[in-house]
Amino acid sequence: MRVRFAPSPTGHLHIGGARTALFNWLLARRLGGTFVLRIEDTDQARSTREYEVEILKALRWLGLDWDEGPEVGGPFGPYRQMERLDHYDPFIERMLAEGMAYRCTCTAERVEQGRQALAAAGEKPMYDRTCREAGHGPDCGEHVVRIKAPLHGVTTFQDHVRGEVVTQNAELDDFVIRRSSGLPPYNFVVVIDDIEMGIDLIVRGEDHVNNTPKQVLIYQALGLKVPQFAHAPLILGPDGSRLSKRHGATSVHAYQEEGYLAEALVNYLVRLGWSHGDQEIFSLLDLVGAFDLEGITKAGGRWDVDKLRWLNQVWMKRIEPEDLARRARPFLVAAGAAPEALDDRLVPAVLTVRERAWTLVELAQAARFYFVEDEAVGFDAAAVDKHLKPAVAPLLDGLLAVLGGVEDWSIPGLEAAVNAWVEAQGIKLGKVAQPVRVSLTGQGTGPGLFEMLAAIGKDTALRRIAAGRDRAAAAG
Ligand code: GLU
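So, how was this worked out
- Residues numbered from 1 in each chain as written.
- Predicted model: local features only at pLDDT ≥ 70, side-chain atom pairs only at ≥ 80, totals over all residues.
- Heavy atoms only, no water.
- Buried < 20%, exposed > 50% of the residue type's maximum accessible area, 1.4 Å probe, protein only.
- Helix = DSSP H or I, 4+ residues; strand = E, 2+ residues; numbered from the N terminus.
- Pairing = 2+ DSSP bridges.
- Right-handed = clockwise from strand over helix to strand, strands pointing away.
- Disulfide = S-S within 2.5 Å.
- Near = heavy atom within 4 Å.
- Polar contact = N/O pair within 3.5 Å; in protein donor to acceptor, adjacent residues only side chain to side chain.
- Areas by Shrake-Rupley, 256 points an atom, 1.4 Å probe, with all protein chains shown as cover.
- 1 Å grid on protein atoms, 1.4 Å probe; cavity = no way out; pocket = protein on both sides within 12 Å on 5 of 7 lines; lining within 4 Å.
- Sits in = over half its atoms within 2 Å of the grid points.
- Nonpolar A, V, L, I, M, F, W, Y, C, P; charged D, E, K, R; others polar.
- Points joined across faces, edges and corners; volume = space filled by probe spheres on them.
- Contact = heavy atoms within 4.5 Å.
- Expected span 1.5 Å × (residues − 1).
- Phe/Tyr/Trp six-rings, centres within 6.5 Å; stacked < 30°, edge-to-face > 60°.
- Lys NZ or Arg CZ within 6 Å of the ring centre and 35° of its normal.

Q: Can you tell me about the pairing of strand β1 (residues 2-5), naming the residues and giving the values?
A: Each regular strand carries side chains that alternate between the two faces of the sheet. Burial along β1 is two-sided: R2 and R4 facing one way and V3 and F5 facing the other are all buried. Where β1 lies against strand β2 (residues 34-37), four bridges are found, and the strand directions are parallel. Among the inter-strand pairings, R2 is bridged to a residue of β2, identified as T34. On the question of chirality, the crossover connecting β1 to the parallel β2 by way of helix α1 (residues 15-31) is right-handed.

Set out below in structure tokens:
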């Protein structure tokens, strides 16, 4: 089984494209097949190498590796269409020689006039086939090559998602297979590449379903076996229209920057267009065992960022704490932490905030107070007013004395010392907990007292509580 993903490097990897890549990758991995990556860069005006690099990076970030393609090579290369231009002409010449295609010298204006005349007569506007029987030879001057599409009957293909798809041949145009520039258009190159790369099954988005009959005509004209097809439904926006930029971020890159884990994005994407009972949580490995073409749904799923956020938190809790800390690191630096401050306090600190964060950006926002300079903590005025009043100063003095003597600076060690002191004072823990929280974090909400003290370390804790005490004493 050979499958492929064929992105055009005209932008970042779109989440719809990522899902197509994922489906293909899963089929290859599940069936012990080969996953080919091919870059469709014939749109020279819009394609760039930078986008190609970005797309490869995004695929790798998602955990999708390819067996053949750019950077890895393979027996059917090159894997960029612009490096394959000499592959297409022999097939076009063969179709010309066998009467399956013809040269057309009509100018663009002439073609347009013909279309309008057909439209005016109530027929489908298409090329009016003026040159179809003209028998133009290679020296006919500037020309395009068109396929000689059948005029009657139907073109049919089997789709794993949509069943039998039937198109009336009268609806199909004698479309161009080689432009006057010599460059063949997408519908032709895609077929030749899929033939030469031995692709058996084409899984792609539903936006290509109308291209497929044209591509089938080319396979048939060349007398070659038509591959299998599966067109996955488009991803929809929350309002049910096709997902687009006006609904929010649409690239893998953007979600990565917003602090989503690749595991969560993969988990979310696969379920938008594939169903598998009630199971919601899938790792890539689970999916390799479970994915099937039969489960691809006909109707597209709607993008639901709350569900993605929920899955992201599930995955932030599932991965190893060290791994979460490693991934949170660049986000913490972006939130103002000095890289050298991210020492062995990083893992415990991250663990204190992961319950209240749904993305790495939020995680970093919630954990930044551990790692920034005291002046950069940022105080919430309402929390300060409420919790750092003059009456609190003596309490904080007492607590500072206790904490100063704690040798075992761990959650149980802190718990034992502080609870004993609170009891002896006859006060409730809450009375000191909030002033301490505001002193350390600047906010009225945050992690549990003992985890937070343990993670921030003794020096910073004592220094910030002392500053909180001074603030309290000076208030009012
Ligand atoms: N290059 C096409 C695209 O990016 C994919 C074509 C295909 O999968 O056949 O939409």
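So, next bit.
Q: Describe in detail the state of the cysteines, supporting the description with residues and values.
A: Per the stated rule, a full pass over the model turns up zero disulfides. Its sulfur unpaired, C104 is 3.9 Å from the next cysteine sulfur, which belongs to C106. Exposure remark for C104: the relative accessible area of 1% places this residue in the buried category. The structure places no disulfide on C106, whose sulfur is separated from the nearest cysteine sulfur, that of C131, by 3.7 Å.

Q: Could you give an account of the site of the ligand, naming the residues involved and the relevant values?
A: The full set of residues close to the ligand is R4, A6, S8, E40, Y186, V190, R204 and H208. Here an oxygen atom of the ligand sits 2.8 Å away from a polar atom, N or O, in the side chain of Y186. One of the side-chain nitrogen or oxygen atoms of R204 is found 2.7 Å away from an oxygen atom of the ligand. In the complex, the protein chains occlude 80% of the 300 Å² of accessible area that the ligand would expose alone. The pocket occupied by the ligand, as judged from atoms lying within 2 Å of grid points, is the largest pocket. For the shell around the ligand, a count of residues per class yields three nonpolar, two polar and three charged.

Q: So what about the layout of surface pockets? Which residues, and what values?
A: Estimated volume of the largest pocket: approximately 1,200 Å³. Around the largest pocket sit 46 residues that line it, and S8, T10, H14, D207 and H208 are the ones nearest its centre. Of all the secondary-structure elements, those providing two or more residues to the lining of the largest pocket are β1, α1, α2 (49-62), α5 (186-196) and β8 (201-205). No other element matches the five residues that α1 contributes to the lining of the largest pocket.

Q: Please give an account of the side chain of S251 that cites residues and values.
A: Along the polypeptide, S251 turns up in the loop between β9 (228-232) and α7 (252-257). Of note is the side chain of S251, whose polar atom sits 3.1 Å from the backbone nitrogen of A254. Here S251 is in contact with H12, L13, H14 and I15, once residues within four sequence places are set aside.

Q: Could you give an account of the environment of Y255, with specific residues and numbers?
A: Here Y255 lies in helix α7. Separated by 158 residues in the primary sequence, Y255 and A97 place their C-alpha atoms 51 Å from one another. Ignoring anything within four residues of it in the chain, the contact list for Y255 reads I15, A249, T250, Y260, L265, W303 and L308. Within the structure, Y255 has its side chain in polar contact with the side chain of W303 (distance 3.1 Å).

Q: Which residues make up helix α15 (residues 392-404), and what are the values?
A: Residue pairs three or four apart in sequence face the same way in an α-helix, which turns once every 3.6 residues. When the terminal C-alpha atoms of α15 are compared, their 18 Å separation across 13 residues agrees well with the 18 Å that a helix rising 1.5 Å per residue should span. Within α15 the residues assigned to the buried category are V392, A393, L395, L396, L399, L400, V402 and L403. Residues of α15 that are buried in the fold lie against α14 (381-387), α16 (411-425), α17 (429-441) and α19 (458-474).

Q: Lay out the packing of aromatic side chains in plain terms, naming residues and giving numbers.
A: Under the counting rule described, the total for this entry stands at nine aromatic pairs. Ring geometry for W274 and F282: centres 5.5 Å apart, planes at 65°, overall edge-to-face. Residue W274 is classed as buried on the basis of its relative accessible area of 0%. A cation sits over an aromatic face here: R318 above W315, 5.6 Å from the ring centre. Its end group placed over the ring of F379, R471 keeps NZ or CZ at 3.8 Å from the ring centre.

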